Amino acid sequence: MATDVKFESLSPSEWFRRNKELAGFANPSRALYQAVRELIENALDATETFGIHPFIKAYIKYAERDNWLSIYVEDNGIGIPKDEIPNVFGRVFYSSKYKVKQHRGIFGLGAKMVILYAQSTTNKPITVISAQQGSDKVYRFDIMIDTLRNEPLIKYQEEWDNKYKWHGTAVHVVMEGDWLKAKHRVEEYIKRVAMVAPYAEIHVKEPDGAVIDIERVTLTLPIPPKEGLPHPKSVDIEAVKQLISRNGDSPVSEFMVENFDGVGEETAMNFLQSIGIDPGRNIKELNTDEITHLVTKMREYNEWRRPRADWLSPVGTELLEQGIRKTLEPEAVFATTRKPSSYSGNPFIVEAAVAWGGKIEPSDRPIIYRFANKVPLLYDEGNDVVRHVVDEVDWSLYKVKFPAPLVVVVHICSTKIPYASAGKEAIADVPEIESEVRLAIREVARRLRVYLSRKEKEKEAMMRYAMFTMFSREVASSIASILGIKEDQVLNKLKKVISRKIKYLEAIEEVEGDGEQQQQQGQA
Ligand SMILES: Nc1ncnc2c1ncn2[C@@H]1O[C@H](COP(=O)(O)OP(=O)(O)OP(=O)(O)O)[C@@H](O)[C@H]1O
């Protein structure tokens, strides 16, 4: 007799309710950190991406029970349309960010995980208050999620006149959390956000009364990212089938030019002829085998233009240096923004910086600050491509001897960050990204070496000067008595000779040092 096995299907929200840890909500301290992070990321996406200077308030307080915390995050962003509020907060995999565009958010999951965690631990709905720019009304919704149906449950709804022309979104949630364990991570997260967003103003109130006030240091915003088209190397068969069913009623060549990045008319013609598909045929007429053939060859073809990266929004060398100076207060900082590159048809840009000395505490290996699309990554460093690259670097080539006060900052921005998991904490080892990270780190490390060698030489010169002047009084006194002149006169002359000689020696060493450096650059 056959064994009686029962089969069932799970809705996405029920699945994530059961597997919270995969989205970063593993325990009360991690969940608290993750909730603050998801809400602040949404606030930044709703402001900076649309050219608004972010002004974010985040208030964390203890709630009715010892292990319950109330989190309130408010932004001055673009707001959410009234009819969309229930869905964006109450339906897993509902998002405005499923586009070829650089966002902090990508999955359409973060806000929903906050609600799922809250309702599973305190049985309380989330409150969302929002108004779009120019809206006459402000809307409030209290929402829970019907996890079996993956649908929003509206528990309360209200609207009022927007007297003060406010726009933005405020979210309030009560959930289980462990503030004492999460405190350090939350504070570190805020500090790191400020590092790559020196144009943001963020006010945080903590349950114990502490306040973090991040003032903006500049009004310059990075150029906002723009929406792009998929690159032929980045698509799969299913994606092309979807494009055909949405936009496909044209000759294949036209379809390719209009729907993909990096495809001009001539390239489309050459490509289609090279794979034996008539460019004039209507795309709708291609059968399953022909579509499979087309997509396989699209991914292999190497003559497409590189994916456009002017859609991306890096922080920029100047803002990055400003942010690092403000948050770490180092003695020196060197940053670079690399030229755009791509992996599997997705454009990306790597930025890196090294900060040295000042208020940075010496440590046994470089302290790493990782960012992806301007999101600080705090957990899972061991699995991240940046850690792997930094560990490979032979820092002695750059005159760094550990313990050393060295911070390495790496920011990767892309229309598709290859995260290793839904918790968005580590970037997978993609060879193209790895190589760009390596080149970026070497570039800034070389500038650090020049700085450190100059410092070393200055120090040596000072030591020499101190040593020579120590003996000069004795020498001056002997010369003065032999020649019968004043000791001070001889001493002044001697000091001038010493400093002239030291400068001469320094100049020689600098020329020699440059030669040595060039040799080392070859090796590094
Ligand atoms: N503060 C906000 N202001 C404006 N829109 C918001 C805000 N918070 C959420 N949204 C909207 O809700 C959508 C869903 O947010 P959610 O956090 O669930 O996912 P996401 O940000 O798209 O992706 P991810 O899961 O990677 O964070 C967003 O795409 C955005 O359109």
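On a predicted model such as this, the values are computed, not experimentally measured, just so you know. (Residues numbered from 1 in each chain as written. Predicted model: local features only at pLDDT ≥ 70, side-chain atom pairs only at ≥ 80, totals over all residues. Heavy atoms only, no water.)

**Student:** A description of the domain arrangement of the chain should follow, citing residues and the corresponding values.
**Tutor:** Under the domain assignment, the chain is made up of domain 1 (12-214), domain 2 (232-300), domain 3 (317-449) and domain 4 (453-523). Relative placement of domain 1 and domain 3: their C-alpha centres are 28 Å apart. Taken together, the contacts link 30 residues of domain 1 with 28 residues of domain 3. For the pair domain 1 and domain 3, the two sides together bury roughly 2800 Å², of which 61% comes from carbon and sulfur. Considering only the surface of domain 1 that becomes buried against domain 3, Gln-102, Arg-192 and Met-195 emerge as the three largest contributors, covering 26% of it. Inspection of the region where domain 1 meets domain 3 yields five salt bridges. (Domains from an automatic or database assignment. Contact = heavy atoms within 4.5 Å. Buried area = accessible area lost by both parts, 1.4 Å probe. Salt bridge = Lys/Arg side-chain N within 4 Å of Asp/Glu carboxyl O.)

**Student:** So what about a positive patch on the surface? Which residues, and what values?
**Tutor:** A surface patch of positive charge is lined by Lys-493, Lys-496, Arg-500 and Lys-501. Of note, Lys-501 is situated in helix α13 (residues 487-523). (Patch = residues over 30% accessible without salt bridge, like charges linked within 9 Å, V, L, I, M, F, W, Y side chains within 5 Å. Areas by Shrake-Rupley, 256 points an atom, 1.4 Å probe, with all protein chains shown as cover. Lys, Arg positive; Asp, Glu negative; His and termini not counted. Charge placed at Lys NZ, Arg CZ, Asp CG, Glu CD. Helix = DSSP H or I, 4+ residues; strand = E, 2+ residues; numbered from the N terminus.)

**Student:** Kindly report on the packing of aromatic side chains, identifying the contributing residues and their values.
**Tutor:** Counted under the stated rule, the structure contains 13 aromatic pairs. Between the aromatic rings of Tyr-33 and Tyr-189, the centroid separation amounts to 6.0 Å while the plane-to-plane angle is 85°, which identifies the pairing as edge-to-face. Note that Tyr-33 is positioned in helix α2 (residues 28-45) and Tyr-189 in helix α5 (residues 179-196), a separation of 156 residues in sequence. The burial state of Tyr-33 is the same as that of Tyr-189; both residues are buried. Ring-pair connections join several aromatic residues into one group, and the members of that group are Trp-15, Phe-16 and Phe-93. The ring of Tyr-59 is capped by Lys-205, whose NZ or CZ atom sits 4.5 Å from the centre of that ring. (Phe/Tyr/Trp six-rings, centres within 6.5 Å; stacked < 30°, edge-to-face > 60°. Buried < 20%, exposed > 50% of the residue type's maximum accessible area, 1.4 Å probe, protein only. Lys NZ or Arg CZ within 6 Å of the ring centre and 35° of its normal.)

**Student:** Residues and numbers for the packing of α5 against helix α10 (residues 317-328), please.
**Tutor:** At their nearest, the axes of α5 and α10 sit 7 Å apart, and the two run at 145° to each other. Counting all contacts with α5, which are made through Lys-191, Ala-194, Met-195 and Val-196, the residues of α10 involved are Leu-319, Leu-320, Gly-323, Ile-324, Thr-327 and Leu-328. Tallied by class, residues from the contact of α5 with α10 come to seven nonpolar, two polar and one charged. (Axes fitted to C-alpha atoms, helices over the stretch in contact; angles between N-to-C directions. Nonpolar A, V, L, I, M, F, W, Y, C, P; charged D, E, K, R; others polar.)

**Student:** I'd like a rundown of the UniProt feature "domain: Histidine kinase/HSP90-like ATPase" (unreviewed entry) in the chain, residues and numbers included.
**Tutor:** According to UniProt, the "domain: Histidine kinase/HSP90-like ATPase" (unreviewed entry) feature falls on residues 27-149. The distance from the first to the last C-alpha atom of residues 27-149 is 25 Å, and the span holds 29% helix and 25% strand. (UniProt positions renumbered as here; feature names shortened; annotations may be inferred.)

**Student:** Provide a residue-level description of the pairing of strand β1 (residues 55-62), including the pertinent values.
**Tutor:** As paired strands, β1 and strand β7 (residues 201-205) are joined by five bridges and run parallel to one another. Bridging from a neighbouring strand, Lys-57 pairs with His-203 of β7. Of the pairings in the sheet, the one linking β1 to strand β2 (residues 68-74) comprises six bridges and is antiparallel in character. Looking at the pairing, Ala-58 lines up with Val-73 of β2. Between β1 and β2, which follow one another and run antiparallel, lie five residues. (Pairing = 2+ DSSP bridges.)

**Student:** So what's going on with the side chain of Glu-41? Which residues, and what values?
**Tutor:** By the element assignment, Glu-41 lies in helix α2. Beyond its immediate stretch of four places on either side in the chain, Glu-41 contacts Arg-104, Tyr-189, Val-375 and Lys-424.

**Student:** I'd love a proper account of the sheet that holds strand β6 (residues 168-176), names of residues and values included.
**Tutor:** One open sheet holds the eight strands; their spatial order is β5-β4-β3-β6-β2-β1-β7-β8, and the pairing between them is mixed. The two strands at the open ends of the sheet, each matched to only one other strand, are β5 (151-161) and β8 (211-214). Strand-to-strand twist across the sheet, computed as the mean angle between neighbouring axes with direction ignored, equals 10°. Pairing between strand β3 (residues 126-131) and β6: five bridges, direction antiparallel. Counterpart to Val-128 in the pairing with β6 is Val-171. Set on the sheet, α2 makes contact with β1, β2 and β6; between it and β2 the angle comes to about 10°. Across the sheet, α5 touches β1, β2, β7 and β8, and the angle it forms with β8 is around 10°.

**Student:** Can you lay out the site of the ligand for me, pointing to particular residues and giving the numbers?
**Tutor:** Around the ligand, the structure places 22 residues, and the nearest of them are Ser-95, Ser-96, Ile-106, Leu-109 and Lys-112. A distance of 2.8 Å is found between an oxygen atom of the ligand and a side-chain nitrogen or oxygen belonging to Asn-42. Between Asp-75 and the ligand, the recorded distance is 2.8 Å, taken from a side-chain N or O atom to a nitrogen atom. Across the complex, the protein chains shield 95% of the 600 Å² of accessible surface that the ligand would expose by itself. Every element with two or more residues in the shell around the ligand is listed here: α2, α3 (85-90) and α4 (110-121). (Near = heavy atom within 4 Å. Polar contact = N/O pair within 3.5 Å; in protein donor to acceptor, adjacent residues only side chain to side chain.)

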